[in-house]
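# Inside the fold
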Amino acid sequence: MKKGFYLLIAVIAFIQCKKETTAIEKEEVIKDSVYEFENNQKVLDTIPVLVQDTIAEKKKEEKVIETKKKTPKFAIVKGEKYSVWPHKVSDSLLKKFNNEFSASQKYTIAALNRIDTNYLKSRDSLIVPNEFYSDFLDYSPFPKQAEILRDVDKFIIFSYPIQAFAVYEKGVLKKWGPTNMGKKASQTPRGLFFTNWKGRKVRSTVDDEWILNWNFNIHNTGGIGFHQYAMPGYPASHSCLRLLDADAQYLYNWADQWVLADKNTVKVKGNPVIVYGDYNFGVKGVWYQLYKDPNITTVSEEKLNEIIAPHKEEILKQQKIRQEYISKKEGVNNVEKDSIEVFEPKQDSL
């Protein structure tokens, strides 16, 4: 009897304990559910913000893409006095270039880029002045007055660094223009030279098909002179100084030839010619930076003095000999003949 009573008590206790455990578990489950709900609610609350950020980012990306579409891949870069025109790479700009500039303006642009007009289409970019002057001298990188040359009748200077030449009379700039000088493997020699013989058409000994128009020799044994020939915009010759046709013709008629006592003896030299400086081979000419610095090619009068001063005494000495010869009005044994074959050796380079 007692045994059965105790068994009944144990069953009742178990049931009561089970109820309490279930209640505790339910309470824990409820707590967990509330916690999870609160956290999920927080996550839900952040969703609108994330969506807004995503939309904003997408709009920003779309704006960048739209801007890129509106900005042309090849655009004109404006500088203070010059601009860069991408040329060969952009058909639309090439068309704009051809429509916007006159023939005379294109000639000016070509000269400023050290090329002839035949090479306008082949350059990937061109330096173009923002303002076109009626006088090409206004673009000159050389000073318009050179006091050191005030007592020099005629003088020509060729600059390797800026691939340009200048002509002075009594220290006054009369003309300047582009040149393409000797390439790296056959550079034009530097120093003081004098004009000697000339030929309207001279056949090169390097290649018989090379005809050098308006040729004026300055180094007889070396076969070096200035003349008209193709100008691609960089040093490309076999030592000679290439010029535009109009410039070569000008110098041909302006400069004086030597006077010979006989075929092997020079009695009177021609006009002084100085070639100076070094070119940075392998990179574009410094004139392509004119849009950044409009003075980057400028040769100051101080620099000109520095170049000429070491040769001034010899220049005046040869000029005096020429003046005395002319004043005595001696018979001129000058070379006046214009032919394809003027002297031996023929012009050796171009």
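What comes next concerns the included structure. (Residues numbered from 1 in each chain as written. Predicted model: local features only at pLDDT ≥ 70, side-chain atom pairs only at ≥ 80, totals over all residues. Heavy atoms only, no water.)

### Focus: helix α6 (residues 312-327)
An ideal rise of 1.5 Å per residue puts 22 Å on 16 residues; α6 measures up with 22 Å between its terminal C-alpha atoms. Those residues of α6 lying buried are K312, I315, Q318, Q319, R322 and Y325. Taken down its axis, α6 places every buried residue within 155° of arc, on the same side. In α6, the exposed positions angled more than 90 degrees off the buried face are occupied by E313, K320 and S327. Looking at the buried side of α6, the elements it contacts are β4 (155-159), β7 (191-194), β12 (259-262), β13 (265-268), β14 (272-276) and α5 (301-308). (Helix = DSSP H or I, 4+ residues; strand = E, 2+ residues; numbered from the N terminus. Expected span 1.5 Å × (residues − 1). Buried < 20%, exposed > 50% of the residue type's maximum accessible area, 1.4 Å probe, protein only. Arc of directions from axis to C-beta. Contact = heavy atoms within 4.5 Å.)

### As for the sheet that holds strand β10 (residues 224-228)
Taken in spatial order, the 4 strands make up an open sheet running β8-β9-β10-β11, and their pairing is mixed. In this open sheet, the two strands that pair with only one neighbour each are β8 (198-203) and β11 (241-243). Direction aside, neighbouring strands of the sheet carry axes that sit 35° apart on average. Sheet analysis places β8 next to strand β9 (residues 211-219), joined by 5 bridges and oriented antiparallel. Opposite K201, over in β9, you have N213 as the bridge partner. (Pairing = 2+ DSSP bridges. Axes fitted to C-alpha atoms, helices over the stretch in contact; angles between N-to-C directions.)

### Here's the deal with the nonpolar core
With 51 residues, the main nonpolar core has F142, F155, I157, F158, Y168 and F226 as its most contacted residues. In terms of residue count, strand β5 (residues 164-169) provides more of this core than any other element does, 5 residues in total. Setting aside anything within four residues of it in sequence, one finds F158 in contact with A164, F165, T179, M181, F226, L241, L243, V273, I274, V275 and Y276. In terms of nonpolar packing, the next biggest core, distinct from the first, is built from 10 residues, W85, I109, I115 and L126 among them. (Core = buried A, V, L, I, M, F, W, Y, C linked by side-chain atoms within 4.5 Å.)

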